[in-house]
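Summary of the model geometry
The chain contents come next:
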Amino acid sequence: MSELLKVPTMAEFMAAGKQPEVLFWVGCAGSFDDRAKKITKAFVKLLNKANVDFAVLGTEESCTGDPAKRAGNEFLFQMQAVTNIEVMNAYEIKTIVTTCPHCFNTIKNEYPGLGGDYRVMHHTQFLKSLLADGRLSIEGGQYKGKRITFHDPCYLGRANNVYEAPRDLIKKLDAELVEMKSCKSRGLCCGAGGAQMFKDAEPGNKEVNIERTEQALETKPEIIAAGCPFCNTMMTDGVKNKEKEGQIAVMDVAELIANAKDL
Amino acid sequence: MEYIPQILFAIALIVGIGYFARNVKKLTRNINLGRDVDANDNKSQRWKNMTMIALGQSKMVKRPIAGILHVIVYVGFVIINIEVLEIIIDGLTGNHRIFAPAGTIYDVLIASFEVLAFLVLVAVIAFWIRRNVIKLKRFLSAEMKGWPKNDGNIILYFEVVLMGLFLTMNATDYQLQLNGATGYTEAGLFPVSQFLLPLFDGLSNSTLIIVERTAWWLHILGILIFLNYLYFSKHLHILLAFPNTYYGKLKPKGQFDNLEAVTKEVKMMMDPNVDPFAAPPEGAETAMPAKFGASDVQDLSWLNLMNAYSCTECGRCTSECPANQTGKKLSPRKIMMDTRDRLEEVGKNIDSNKGEFKDDGKQLIGDYISHEELWACTSCNACVEACPISIDPLDIIVQMRQYLVMEQSAAPMELNNMMTNIENNGAPWPYNQMDRLNWKNEA
């Protein structure tokens, strides 16, 4: 657990005259949010374990502009996008992996029109490819037989039709994957998307994350798995609100795999 | 004298279709008030989508009960229209059941129309019960009060009456055939209307002919009236579902358009070689849009406007919306209905002002759709996914947010803070960009 993480930057790769196989786009939540940083580290441990030649942009990374765009600030979004694209094109980035579905969606779908063409993968897709290539193995470990329900992030699922990669990984843990009544293309939002993460909700009779947490609790899970740092926060808050944090953990798929391997 | 029915029929047909054509022209004019966007790429995928989603009803059956009932009414509507073709030819030529020589094929056709008519009746009654007795939640939302509720029921009554007339027409025709009345040669199989025969027991041939003719006339007149009702109703979806699914979004749902006008500005700002004080080149003024985002229907794209006319207010979008489910004001269905209602208002304004829109001091934002509704959206795409005919309420919401933010600086305060943070330090929170990699060394 205490072994030092190897996190090379693009600048270091360039100085050494080398090119990594993939850029890990950490994202703002993954860089600054205490809960999300744990996901970042778990994913890096897996990358290290699989000997993936990756790099991060580090201090050269900046917000993709997703929350600005969803809030309606197209100027700010495009300023961010063009700046990021300039940096990545200068480094001749080809492939990007990210632990955030919002960054994933924005870079994959909205950057090409502004001059940024990359192959973009969500970390669950990337981990699945490592598995397929025999570079990473998954053991059930402490999660063997556990009831796990997966909450689909809107920007991974409906927005980009990625439903199976995270589920395939969970199944590899020998865990019992249980589905909520609304899942996959009909999965209910956690309430954070569209820049809602950064503001109070409009008046209503319930918070969206509470509604979604209740749906998750109906499956009587031991773990609620997520694939997005924002969903993770919303579901964690929901579980706390229901005073279930003692029994039910909210974990990213990458964390589950890293923990199962005792990394 | 003997041509009078044919002349009357031709007049009814011309008036009915003519008035409808006039309204279709108006409808097209209104849709074209929208911004021009190109949606003609990837034609093969578009045809496939239309075939699967509109013709094949693939999204309707995601909710099995409503879906199957709808498929019955839809198939009934399409197939029974073959009968309308015969009615029109008969009406214009003064024949009776002109397709009858087709023999067995005709028997099978008439029999299947009858079975479908019966099934449509059953389905329509089930729909009515769902709306008025079971009171499904999605039919009771605030936006469904008044006209939308009546509209839904009127359509159902129309269908009951039309099917009833069709079966009455067949039953009396069958009785006349059995009686050997002149002009009523034996043709067709009547598996459903034969059970109506006791109703006409003991009536003379002349009375039966009056009933048969009346039912025949009311049936075709009813169809013409119903055709013309479409324009004033949510029921337009029976036509617009086809272009709407053809022009539906092909890109991933998460991909929002990048505003071209903004791209130009941003590129200019980022280009060190641009002289900020240079006079704009000739014609540059017109290249810039009058405003960013949308505050009224004319700012939306023609696709958004066609979406609005296509909406049949089923409410699947609203019932899947996380904001709506948790009691917020936002209802994606209301967004579509408001857009249509405002567009109709603008259209009428143009009609009464000699083809020019005269400012009426109103707009879609504020007068129809509140800021509160717009800011409640999580952009989760559940509404887009739920729509059985590829309507995209989210696209309208985002364009209106763009107007609020870029033209009015009217975002909620917390969002302004978030955006200021991104501008200043490249993250939605007030952390220093230079600290982005600190996590690496934290325990």
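Rules of the game
Residues numbered from 1 in each chain as written. Chains lettered and ligands numbered in written order. Predicted model: local features only at pLDDT ≥ 70, side-chain atom pairs only at ≥ 80, totals over all residues. Helix = DSSP H or I, 4+ residues; strand = E, 2+ residues; numbered from the N terminus. Rg over C-alpha atoms; globule rule 2.2 N^0.38 Å. Buried ≥ 20, exposed ≤ 12 C-beta atoms within 10 Å, placed from the backbone. Contact = placed C-beta atoms within 7 Å. Domains from an automatic or database assignment. Nonpolar A, V, L, I, M, F, W, Y, C, P; charged D, E, K, R; others polar. Pairing = 2+ DSSP bridges. Axes fitted to C-alpha atoms, helices over the stretch in contact; angles between N-to-C directions. pLDDT = per-residue confidence, 0-100. Expected span 1.5 Å × (residues − 1). Right-handed = clockwise from strand over helix to strand, strands pointing away. Parallel < 35°, antiparallel > 145°, perpendicular 65-115°, else oblique. Left-handed = near helix turned anticlockwise from the far one by under 90°.

**Quick look at the overall build of chain B**
Helix and strand counts for chain B stand at 18 helices and 0 strands. For chain B, whose C-alpha radius of gyration is 28 Å, the value lies well above the compact-globule estimate of 22 Å for 443 residues. With respect to the principal axes defined by its C-alpha atoms, chain B has extents near 95 × 60 × 40 Å. Here chain B holds 443 residues, and 39% of them are scored as buried.

**Some words on the interface of chain B and chain A**
Each side of the interface is counted separately: chain B has 57 residues, and chain A has 57 residues. Residue assignment for the side of chain B that touches chain A shows that the elements contributing at least two residues are α8 (260–270), α12 (322–325), α15 (371–375), α16 (382–386), α17 (393–407) and α18 (413–425) of chain B.

**Some remarks on the domain arrangement of chain B**
All names here are of chain B. Partitioning chain B into domains gives domain 1 (4–31 + 63–246) and domain 2 (260–424). Put simply, the parts of the chain that give the side of domain 1 that touches domain 2 at least two residues each are α1 (4–31) and α7 (237–246). It is α7 that provides the largest number of residues to the side of domain 1 that touches domain 2, a total of 6 residues. Grouping the constituent residues of the side of domain 1 that touches domain 2 by class yields 8 nonpolar, 6 polar and 5 charged.

**Details of the sheet that holds strand β2 (residues 54–55) of chain A**
Residue and element names in this part refer to chain A. What the 4 strands build is an open sheet, ordered β2-β1-β3-β4; its pairing is parallel. Pairing within the sheet leaves two strands with one partner each, and these edge strands are β2 and β4 (119–122). Together, β1 (22–25), β3 (95–98) and β4 form the strand contacts of helix α6 (residues 101–110), whose direction differs from that of β4 by roughly 160 degrees.

**Things to note about the sheet that holds strand β6 (residues 176–178) of chain A**
Residues and elements named next belong to chain A. Judged by pairing direction, the sheet is parallel, and its 4 strands sit side by side in the order β6-β5-β7-β8 without closing on themselves. Two strands in the sheet have a free side with no partner beyond their single neighbour: β6 and β8 (249–252). Sheet twist, expressed as the mean angle between neighbouring strand axes with direction ignored, is 35 degrees.

**A look at the confidence of the model for chain B**
Summary statistics for chain B give a mean pLDDT of 94 and a share of 97% for residues scoring 70 or more. With pTM at 0.95, the complex prediction returns an ipTM value of 0.96.

**A closer look at α17 of chain B**
All names here are of chain B. Taking 1.5 Å per residue as the helical rise, α17 with its 15 residues ought to reach 21 Å, and the 21 Å between its terminal C-alpha atoms agrees with that figure. For α17, the buried fraction is high: 14 of the 15 residues fall into the buried class. Phi turns positive one or two residues past the end of α17, at Ser409, with a value near 45 degrees.

**A closer look at helix α13 (residues 332–352) of chain B**
Compared with the 30 Å implied by 1.5 Å per residue over 21 residues, the 31 Å span of α13 of chain B between its first and last C-alpha is a close match. Positive backbone phi, at 55 degrees, marks Lys354 of chain B, one or two positions downstream of α13 of chain B.

**Remarks on the pairing of strand β5 (residues 147–150) of chain A**
Residues and elements named next belong to chain A. Relative to β6, β5 runs parallel, the two being bridged by 3 bridges. By the bridge assignment, Arg147 is partnered in β6 with Glu176. Each parallel crossover has a hand, and for β5 linked through helix α8 (residues 164–172) to β6 it is right-handed. Note that β5 and strand β7 (residues 223–226) share 3 bridges and pair parallel. By the bridge assignment, Thr149 is partnered in β7 with Ile224.

**Examining unusual backbone geometry**
Residue and element names in this part refer to chain B. Phi is positive for Glu313, which is not a glycine, with a value near 60 degrees. Relative to the helices and strands, Glu313 resides in the loop between α10 (302–310) and α11 (316–320). The class for Glu313 is buried, based on 24 C-beta atoms found within 10 Å. Positive phi outside glycine occurs at Ser409, with the angle close to 45 degrees.

**Observations regarding the packing of helix α3 (residues 34–49) of chain A against helix α10 (residues 229–241) of chain A**
Residue and element names in this part refer to chain A. In the contact formed by α3 and α10, the axes pass within 9 Å of each other and the chain directions differ by 130 degrees. Looking at the two axes, α3 sits oblique to α10. In this structure, α3 meets α10 at a crossing whose hand is right-handed. Contacts between α3 and α10 pair Arg35, Ala36 and Ile39 from the former with Pro229, Asn232, Thr233 and Thr236 from the latter. Counted by class, the contact of α3 with α10 contains 3 nonpolar, 3 polar and 1 charged residues.

**Let's talk about the domain arrangement of chain A**
Residue and element names in this part refer to chain A. Domain annotation for chain A reports domain 1 (10–131) and domain 2 (137–260). In this structure, domain 1 and domain 2 have C-alpha centres spaced 22 Å apart. Taken together, the 27 residues of domain 1 in the interface contact 27 residues of domain 2. Sort the elements by how many residues they give to the side of domain 1 that touches domain 2 and α3 lands first, with 8 residues. Of the residues belonging to the side of domain 1 that touches domain 2, the class tally is 13 nonpolar, 8 polar and 6 charged.

**Thoughts on the environment of Leu227 of chain B**
All names here are of chain B. Along the chain, Leu227 falls in helix α6 (residues 205–229). By C-beta crowding, Leu227 is classed as partly exposed, having 15 other C-beta atoms within 10 Å. Counting along the chain gives 211 residues from Leu227 to Gly16, while the straight-line C-alpha distance between them is 7.8 Å. Discounting chain neighbours no more than four positions away, the residues touching Leu227 are Gly16 and Phe20.

**Regarding the packing of helix α5 (residues 147–179) of chain B against α6 of chain B**
Residue and element names in this part refer to chain B. Relative to each other, α5 and α6 sit at 150 degrees, their axes nearing to 8 Å. Judged by the angle between their axes, α5 and α6 are roughly antiparallel. When you trace α5 past α6, the crossing you get is left-handed. Judged by residue contacts, Phe158, Val161, Leu162, Leu165, Phe166, Thr168, Met169, Thr172, Asp173, Gln175, Leu176 and Asn179 of α5 engage Asn205, Leu208, Ile209, Val211, Glu212, Ala215, Trp216, Leu218, His219, Gly222, Ile223 and Phe226 from α6.

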